[in-house]
There are 2 protein chains.
Amino acid sequence: MTDFLPPIQTTARDDAVLKALAGFVMQEKLGPGEKLPTERILAERLKVSRNTVREALTRWEGLGLVERRQGSGTYLKAAVSLDMLHMPLTLAGGNDFAGLMSTLEIRRALEAEAAALCAVRAGKAEIAEIERKLDIMEEAFQTRAGMSSDEDWEFHQAIFRASGNPLFEQIIAAMYELFHRFWEHPLGVRDFGHASFPYHRTIFNCIAAHDPEGARAEALKLIATVEDDLKRGAANLKLSDRK
Amino acid sequence: MTDFLPPIQTTARDDAVLKALAGFVMQEKLGPGEKLPTERILAERLKVSRNTVREALTRWEGLGLVERRQGSGTYLKAAVSLDMLHMPLTLAGGNDFAGLMSTLEIRRALEAEAAALCAVRAGKAEIAEIERKLDIMEEAFQTRAGMSSDEDWEFHQAIFRASGNPLFEQIIAAMYELFHRFWEHPLGVRDFGHASFPYHRTIFNCIAAHDPEGARAEALKLIATVEDDLKRGAANLKLSDRK
DNA sequence: TGCAGAAATTGGTTGGACCATTGAACCACT
DNA sequence: AGTGGTTCAATGGTCCAACCAATTTCTGCA
């Protein structure tokens, strides 16, 4: 007895709309930044109500695939294809010390692995790009006395991108906001991140030398210094809370 | 000259609806599985159109926070709070060999770190729970001649849960579907996963002995065997493609 | 009491209308 | 030429009222 009967598909209007739209995007080879048809046109072409089109687009908007600008149109924000897989993560309450430590543990896991992979796989072009970001970051660090979080971030992004695995960049990009909530309010530690500065170049050196285990070790050291800074900040905060 | 003028915030109806709804859920202490008010009631109470309520709920549904059942109602699927952070990941084309290898690299990074953290933090209760899952899995493995993917999964989940960091479980749970697409069609390798079987107990032993580096090493070995199986499968597939 | 059918409830869809924002075209003035 | 203002069409955002489809609840008959 075959007990696997696929669930019957009665009505899944907006899903169908999304599938059709994804097909359209692929066929027209639309990339990020390009404008897709207006809601009214989509509704007419797909023979559904404009409201249904809107619900479908709302889903894509929530997934960050699309951006809607009133009065202007709807624009692609990322590459879409028919066989996309969505993994929406929602994590609650990252506003406290424990929450930030949690994200740092994730970052330690990913950053170490990505640095190692990068050391194995990065080609000449990728290494040059990483070094460029590193130079920019060091320049900013000197000029602005340690405030180089944006440039710092771009350096790490370049490593993730060169790891040859798009998932690293995606996951870490999704957590960017979470990290940066704190970067802005570094728990009272004024020189937050200073200690981690030198490791950026040591990581790069290992990558350029194609030394995966070295890169992994240096990445771990970097995260460890950030953790220390954080703990120090939390201790300060506790003291000042107590007044 | 200050060249940073933040864009002004005019109207954001559906966002406001979600915020209000999140507040309501918190106030009423609604948990997963519980039913929330009708769309019509929400529309009336919030003084917005039912359409707007629907757009807001559609976003939550897309994020997996809520489930809508026609004729029945809308039900919470996860805990929601006001300070949630959403990180929708969408990855394209996970249907090929490269896509699965990508997910395995993520899994290697997270699984190793989680096992190590677990070895440090797991208490008696957590260790007992993990051993229970391990026993179930080994039982299933003996009985069903190697088909124990569900039980296998629960074992790993238990480790993630005992790592003391909820993010591990969330990320890996989000990738569950991706992993299991292949578990079902293991590229023609009939004994897929057999080689990894013994490492489950060695991982557990290290955790129970509070040996983080040992647990990390065993976890890495486990992933390595899965990677080998996968490569073997890909090779087979290539051969059979060629007929 | 048990159960089939009616009725109410609830999410899903439709079509039409109007509002708010945007951007382009046009125009007047300098 | 360029600056600023006006008009106007296009587009997303919101609203309304009705109906459809699935589900749940109620009702009344056997």
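Please refer to the structure higher up on the page.
In this text the structure is predicted, and so the values were computed from the model without any measurement. (Residues numbered from 1 in each chain as written. Chains lettered and ligands numbered in written order. Predicted model: local features only at pLDDT ≥ 70, side-chain atom pairs only at ≥ 80, totals over all residues. Heavy atoms only, no water.)

Draft legend 1. Inspection of the overall build of chain A at higher detail. Secondary structure summary: chain A contains ten helices and four strands in total. Beginning at the N terminus, the succession of helices and strands in chain A can be written as α-β-α-α-β-β-β-α-α-α-α-α-α-α. The buried share among the 243 residues of chain A stands at 48%. Counting only contacts in chain A whose residues sit at least 6 apart along the sequence, the fraction spanning at least 24 positions is 70%. When the accessible area of chain A is evaluated, it comes to approximately 12,700 Å², of which 55% is carbon and sulfur surface. (Helix = DSSP H or I, 4+ residues; strand = E, 2+ residues; numbered from the N terminus. Buried < 20%, exposed > 50% of the residue type's maximum accessible area, 1.4 Å probe, protein only. Contact = heavy atoms within 4.5 Å. Areas by Shrake-Rupley, 256 points an atom, 1.4 Å probe, with all protein chains shown as cover.)

Draft legend 2. Just the protein's contact with DNA strand C, in detail. For DNA strand C, the set of nearby residues contains 21 residues, the closest of which are A:Arg13, A:Thr52, B:Thr38, B:Arg50 and B:Arg68. Looking at DNA strand C alone, sugar and phosphate atoms form 59% of those within 4 Å of the protein. For DNA strand C, a base nitrogen lies 2.8 Å from a polar atom in the side chain of A:Gln70. Between DNA strand C and B:Arg40, the relevant distance is 3.0 Å, taken from a base nitrogen to a side-chain nitrogen or oxygen of the residue. (Near = heavy atom within 4 Å. Polar contact = N/O pair within 3.5 Å; in protein donor to acceptor, adjacent residues only side chain to side chain.)

Draft legend 3. Spatial organisation of helix α5 (residues 124-143) of chain B. Residues and elements named next belong to chain B. A rise of 1.5 Å per residue sets the reference length of α5, with its 20 residues, at 28 Å; its end C-alpha atoms lie 28 Å apart and thus fit the reference within 8%. Those residues of α5 that fall on the buried side of the exposure criterion are Ile127, Ile130, Lys133, Leu134, Met137, Glu138, Ala140 and Phe141. The arc that holds the buried residues of α5, viewed along the axis, is 160 degrees, so those residues lie on one side. Those residues of α5 that are exposed and aimed more than 90 degrees away from the buried face are Lys124, Ala125, Glu139, Gln142 and Thr143. Tucked into the core, α5 has its buried residues touching α4 (97-121), α6 (149-162) and α9 (197-208). (Expected span 1.5 Å × (residues − 1). Arc of directions from axis to C-beta.)

Draft legend 4. View of the protein's contact with DNA strand D. Around DNA strand D, 24 residues are found, and the nearest of them are A:Arg50, A:Arg54, B:Arg13, B:Asn51 and B:Thr52. For DNA strand D, the fraction of protein-proximal atoms (within 4 Å) that sit in sugar or phosphate groups is 58%. Within the side chain of A:Arg40, an N or O atom sits 3.0 Å from a base nitrogen of DNA strand D. When residues of the surface near DNA strand D are traced back to their parent elements, those giving at least two are α2 (39-46), α3 (50-62), β2 (66-69) and β3 (73-76) of chain A together with α3 (50-62) of chain B. Classifying every residue of the surface near DNA strand D gives one nonpolar, 14 polar and nine charged. (Nonpolar A, V, L, I, M, F, W, Y, C, P; charged D, E, K, R; others polar.)

Draft legend 5. A look at the pairing of strand β4 (residues 85-91) of chain B. Here β4(B) lies mainly inside the structure; five of its seven residues are buried. Bridge count between strand β4 (residues 85-91) of chain A and β4(B): seven bridges; the pairing is antiparallel. Following the sheet pairing, A:His86 is matched in β4(B) by B:Thr90. (Pairing = 2+ DSSP bridges.)

Draft legend 6. Broad picture of the sheet that holds strand β1 (residues 35-36) of chain A. Residues and elements named next belong to chain A. The antiparallel open sheet is built from three strands, whose spatial order is β1-β3-β2. Every other strand in the sheet has two partners, leaving β1 and β2 as the edge strands with one partner each. For β1 and β3, the ladder comprises two bridges, and the chain directions are antiparallel. Residue pairing for β3: Leu36 is matched across the bridge by Thr74.

Draft legend 7. Examining the packing of α5(B) against α9(B) more closely. Residue and element names in this part refer to chain B. Between α5 and α9, whose axes approach to 11 Å, the crossing angle comes to 165 degrees. Taken as axis vectors, α5 and α9 run roughly antiparallel relative to one another. As α5 packs across α9, the resulting crossing turns out to be left-handed. On α9, the residues that touch Ile127, Ile130, Glu131, Leu134, Asp135, Met137, Glu138 and Phe141 of α5 are Phe197, His200, Arg201, Phe204, Ile207 and Ala208. Here the contact of α5 with α9 is composed, by residue class, of nine nonpolar, one polar and four charged. (Axes fitted to C-alpha atoms, helices over the stretch in contact; angles between N-to-C directions. Parallel < 35°, antiparallel > 145°, perpendicular 65-115°, else oblique. Left-handed = near helix turned anticlockwise from the far one by under 90°.)

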